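The chain contents come next:
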Amino acid sequence: MSVFRPLASTRPKEIQFKKTIIDTRFVAEGLAVADVNRDGRLDILAGNVWYEAPHWIPHEIAPFQQIDPATAYSNCFNTWAVDLNHDGWVDQIVIGMPGERAIWRENPRGKDEPWKEHPIWRSACNESPLYVDLFRNGRRVLVMGYDDSYLAWFEPSRDPYAEWQCHNVSDVKGAGSFRYSHGLGVGDINGDGRNEILTKDGFYVASADPRSGPWEFVKTDLGPACAQMQVFDVNRDGRPDVISSSAHDRGVWWFEHLTDGRFNKHTIDETISETHSMALARLGPSKAINVITGKRVWAHGPHGDVGANEAAWLVRYELNRTSGGVEWIRHIIDEDAGVGTQFVVQDINKDGLLDIVVSNKKGVFLFEQLSNHM
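So, a few notes on the structure that sits alongside this text. (Residues numbered from 1 in each chain as written. Predicted model: local features only at pLDDT ≥ 70, side-chain atom pairs only at ≥ 80, totals over all residues. Heavy atoms only, no water.)

Moving on to the layout of surface pockets. Reported here for the largest pocket is a volume of approximately 740 Å³. Among the elements of the structure, strand E3 (32-34), strand E7 (78-82), strand E11 (125-132), strand E15 (184-187), strand E19 (228-232), strand E23 (278-283) and strand E27 (344-346) are those that each provide at least two residues to the lining of the largest pocket. Classifying every residue of the lining of the largest pocket by side-chain character gives 19 nonpolar, 8 polar and 1 charged. In this model, the second largest pocket occupies a volume close to 360 Å³. Lining the second largest pocket are 20 residues, and of these Arg-139, Arg-140, Val-141, Glu-155 and Pro-156 lie nearest its centre. A per-class count over the lining of the second largest pocket returns 9 nonpolar, 4 polar and 7 charged. (1 Å grid on protein atoms, 1.4 Å probe; cavity = no way out; pocket = protein on both sides within 12 Å on 5 of 7 lines; lining within 4 Å. Points joined across faces, edges and corners; volume = space filled by probe spheres on them. Helix = DSSP H or I, 4+ residues; strand = E, 2+ residues; numbered from the N terminus. Nonpolar A, V, L, I, M, F, W, Y, C, P; charged D, E, K, R; others polar.)

Okay, structure coming up:
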């Protein structure tokens, strides 16, 4: 059984966040957090701009171009920060419009100049590409589709400036490979101790040699078009479940993994729309699991999606297991920030508490978790 209930006004120890408006321009729909200038503080990278902590001074990574949030899209749907050329300075991975090329930008090591671009791959498909430790060996790889044809994983070549090595996961036109595919995740669904790659239509099981594809595909109904998919044992029955959120309609859900291998859909919330990105984190003194998501502002413009002009919520759903099953308690963090296609939950100010950073058509925002709970 799964129950949703809004936050009661008298509920104690509500987690508080301090909101900082970093930028009011439409900069990007994805962002990353890293120490760009090696001063020991975590900075924010969003598209063509990085913001220097602690005062969030903007610096251009590439020339910034003002775009109309009602009619246009950014050149950054997803981004990650990592030292790719092993020079001790973090670089930036950038994925723009679905289907376009994936690149990385080289940190100029403190110089005030544009970051040099280098190729990753000619095409990046699926609207929720992942940069994750797929094989649990401490090394992250890119998981995404390409050429509207294959789902694959990618690792850097020995030469960091060369195109990355591609390893096909799917057959041609496999699930998750189309540029506008919605829904992608990684987790151990079948209990074999290795990660599978999830799509809304099923999951891929790694071959004995994961560099040798295609992987076995297990067709499974994991719901409607969604954003990032999270694997977690929601009801603590020993079977991993799947949590997802609607990209362009209404709904946040969890899918209960049944004993026969099927998944039973439970609705967490069906009021909020365009929840085009989602993360899972433990928050507050109790370290309770929270699903964090929000409204992607004008995902298809002001008239393209259901509820496009409703309040731009940033919201969390706190998991509470009861004797009767599972309930999700909704807490609205903010009503005028929302999310983009990717956001970060990380301890930005190094106080031991997880913070939230989002970037979308309303701007760039930091939500610092406060320790003085009521």
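Let us keep going from here.
Our next topic: the packing of aromatic side chains. On inspection of all chains with the given rule, the structure shows 12 aromatic pairs. Considering the side-chain rings of Trp-121 and Tyr-146, the 5.6 Å spacing of their centres and the 85 degrees angle between planes classify their relative orientation as edge-to-face. Here Trp-121, found in strand E10 (residues 116-121), pairs with Tyr-146, found in strand E12 (residues 141-146); they are 25 residues apart in sequence, far enough to count as distant. In this structure, Trp-121 and Tyr-146 share a single accessibility class: buried. Ring geometry for Phe-178 against Tyr-180: centres 5.6 Å apart, planes inclined by 85 degrees, an arrangement best described as edge-to-face. Owing to a relative accessible area of 42%, Phe-178 belongs among the partly exposed residues under this scheme. Under the relative-accessibility criterion, Tyr-180 is labelled partly exposed at 40%. (Phe/Tyr/Trp six-rings, centres within 6.5 Å; stacked < 30°, edge-to-face > 60°. Buried < 20%, exposed > 50% of the residue type's maximum accessible area, 1.4 Å probe, protein only.)

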